[in-house]
Amino acid sequence: LVRRHINTPLRSVIKAIEHIRSGQITDLPTADRKDEWGLIQNALIEMSEELNRSYSELDQRRKTQKALLENVPQGMVITDQNLNILTHNQHFLLALGLPSSTQLHNQPLAQVIKQWGENSGLDHSDIEKALEMHNPRYFSREIRHENLTGPQWTLMTHTPLPEGGCARTFTDIS
């Protein structure tokens, strides 16, 4: 009796939890019981289905964000509250003279900008202006630098984000 009413359904619930914990949030076993164990199993199934819907929505938003970001004609980079790069578009890499295969995710934006400044002949004061990271207000800076074809001007904008971090754009204004 104990085995039929406690052990077997408990094992079934544990199996469902392990299934979810391992990342398999679809195709959970159905609950065929009508007692409290059935309620628990059904609740797990419903939570799993809701989690699956949330993951799908999040993935769709990520794809939409990436598509929008890639269609912005300026170089654009988004950082987290610690000013580490969350995402950027290909125009950002182009604006900084970096190969299109460069991976910058989780790198400090200050480090990337400092390297760009040093590689493109910015003087120390212009690098400092470009490194102004924790400014809580919007600003823009025109920065003169060198690239392979000679002198170039880039308009850099800085927009703080509500949850921390910032969005920066880099536009060739030569």
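To be clear, the structure that these remarks concern was listed above.
This is a predicted model, so every value here is computed, not measured. (Residues numbered from 1 in each chain as written. Predicted model: local features only at pLDDT ≥ 70, side-chain atom pairs only at ≥ 80, totals over all residues. Heavy atoms only, no water.)

**Thoughts on the sheet that holds strand β3 (residues 139-147)**
Here we have five strands laid out as an open sheet, ordered β2-β1-β5-β4-β3, and antiparallel in their pairing. The strands lining the two open edges of the sheet, one partner per strand, are β2 (85-88) and β3. Neighbour to neighbour, the strand axes of the sheet diverge by 20° on average, direction disregarded. With seven bridges connecting them, strand β4 (residues 150-160) and strand β5 (residues 166-172) associate as antiparallel partners. Of the residues in β5, the one forming a bridge with P160 is C166. (Pairing = 2+ DSSP bridges. Helix = DSSP H or I, 4+ residues; strand = E, 2+ residues; numbered from the N terminus. Axes fitted to C-alpha atoms, helices over the stretch in contact; angles between N-to-C directions.)

**Looking at the nonpolar core**
In summary, soluble globular proteins display a tendency toward joint burial of nonpolar side chains. F92, L109, I113, W116 and F170 are the most contacted members of the largest nonpolar core, which totals 21 residues. Mapped by element, the contributors of at least two residues to this core are α3 (90-95), α4 (109-119), α5 (124-130), β3 and β5. Counting residues per element, this core draws most heavily on α4, at four residues. Setting aside residues up to four positions removed in sequence, F170 forms contacts with Q74, G75, V77, F92, A95, L96, I113, W116, T154, L155 and M156. (Core = buried A, V, L, I, M, F, W, Y, C linked by side-chain atoms within 4.5 Å. Buried < 20%, exposed > 50% of the residue type's maximum accessible area, 1.4 Å probe, protein only. Contact = heavy atoms within 4.5 Å.)

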